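Topology and contacts: notes
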Amino acid sequence: MGQMNGIDVLLDFAARPKDVLTALPSLNAEQLNQHPEGHPNSIAWLLWHTGREIDVQLSALTCDDELWHSSQWRATLSLGDVGDSLGYGHSADDAAQIQLQDAADFEHLRGYVAATLDALAAYCGSLAENDLSDIITEYEGQPISRGTRLVSIIDDATAHLAQATYVAGMWG
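A short tour of the structure in this document, coming up. Quantities reported herein were computed from a predicted structural model and do not represent experimental measurements.

For any two helices packed against each other, one specifies the inter-axial angle together with the distance between the axes. Contact geometry for helix H3 (residues 43-62) and helix H9 (residues 146-169): axes closest at 9 Å, N-to-C directions at 170°. With respect to H9, the element H3 is oriented roughly antiparallel. Contact residues: Ile 43, Trp 45, Leu 46, Leu 47, His 49, Thr 50, Glu 53, Ile 54, Gln 57 and Leu 61 in H3; Arg 146, Arg 149, Leu 150, Ile 153, Asp 156, Ala 157, His 160, Leu 161, Gln 163, Ala 164, Val 167 and Ala 168 in H9. Residues belonging to the contact of H3 with H9 are distributed by class as follows: 13 nonpolar, five polar and four charged.

To continue, consider the packing of helix H1 (residues 6-23) against helix H8 (residues 103-126). Axis separation between H1 and H8 bottoms out at 9 Å; the angle between their running directions is 170°. Relative to H8, the element H1 is oriented roughly antiparallel. Side by side, H1 and H8 meet where Ile 7, Leu 10, Leu 11, Pro 17, Lys 18, Leu 21 and Thr 22 of the first sit next to Arg 110, Val 113, Ala 114, Leu 117, Asp 118, Ala 121, Cys 124 and Gly 125 of the second. Considered class by class, the residues forming the contact of H1 with H8 number ten nonpolar, two polar and three charged.

Before going further, it helps to examine unusual backbone geometry. Backbone geometry places Cys 63, a non-glycine residue, at a positive phi of 65°. If you trace the backbone, Cys 63 turns up in the loop between H3 and helix H4 (67-70). Using a relative accessible area of 70% as the deciding quantity, one classes Cys 63 as exposed. Within the chain, Gln 72 stands out as a residue other than glycine whose phi angle is a positive 70°.

We now examine the packing of aromatic side chains. Two measures describe an aromatic ring pair: the distance that separates the ring centres and the angle between the ring planes. Summed over the entire model, instances satisfying the criterion amount to three aromatic pairs. Seen from their ring centres, Trp 73 and Tyr 112 are 6.0 Å apart, and the 50° between their planes marks the pair as tilted. Highlighted residues: Trp 73 in helix H5 (residues 73-77) and Tyr 112 in helix H8, separated in sequence by 39 residues. Given a relative accessible area of 0%, Tyr 112 falls into the buried group. An aromatic cluster is defined as three or more aromatic residues linked by ring pairs; in this entry it consists of Trp 68, Trp 73 and Tyr 112.

Calculation rules
Residues numbered from 1 in each chain as written. Predicted model: local features only at pLDDT ≥ 70, side-chain atom pairs only at ≥ 80, totals over all residues. Heavy atoms only, no water. Axes fitted to C-alpha atoms, helices over the stretch in contact; angles between N-to-C directions. Helix = DSSP H or I, 4+ residues; strand = E, 2+ residues; numbered from the N terminus. Parallel < 35°, antiparallel > 145°, perpendicular 65-115°, else oblique. Contact = heavy atoms within 4.5 Å. Nonpolar A, V, L, I, M, F, W, Y, C, P; charged D, E, K, R; others polar. Buried < 20%, exposed > 50% of the residue type's maximum accessible area, 1.4 Å probe, protein only. Phe/Tyr/Trp six-rings, centres within 6.5 Å; stacked < 30°, edge-to-face > 60°.

What follows is the structure, encoded as structure tokens:
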């Protein structure tokens, strides 16, 4: 086996959330929209937020349109204006507006998340090793590199998909 570089590691890491998404069992609308123990985030919200956080942040990195708009996911899922948001800072009322109507909506939402994960992996694969250290922004006065942002996006996706899978297991 050849020597791994940062891009190889990032590509391996970026593939992991899709495995979790694939393992998520099919659920009905009631299960997807339920707020376990009154928690504001349902499985539907967790899936939607995963797609949105990848899509919005990747769009900022690539300067391409968000898949939410360019690939008609917004129209397909019919989540209204709240669906256009990212989910950070959502109140319980905002989160409760992310509702799926049926199994078809679940498959569409799963498709959206998969499409954003595919776009993320393609972007990671298009980079050169030295691109990872480019400073792309600052946060609280600290420089943020492209590599750091990509790790953050992937980590957030993995965490939210794992949460959704855990909650879905409660229905088993």
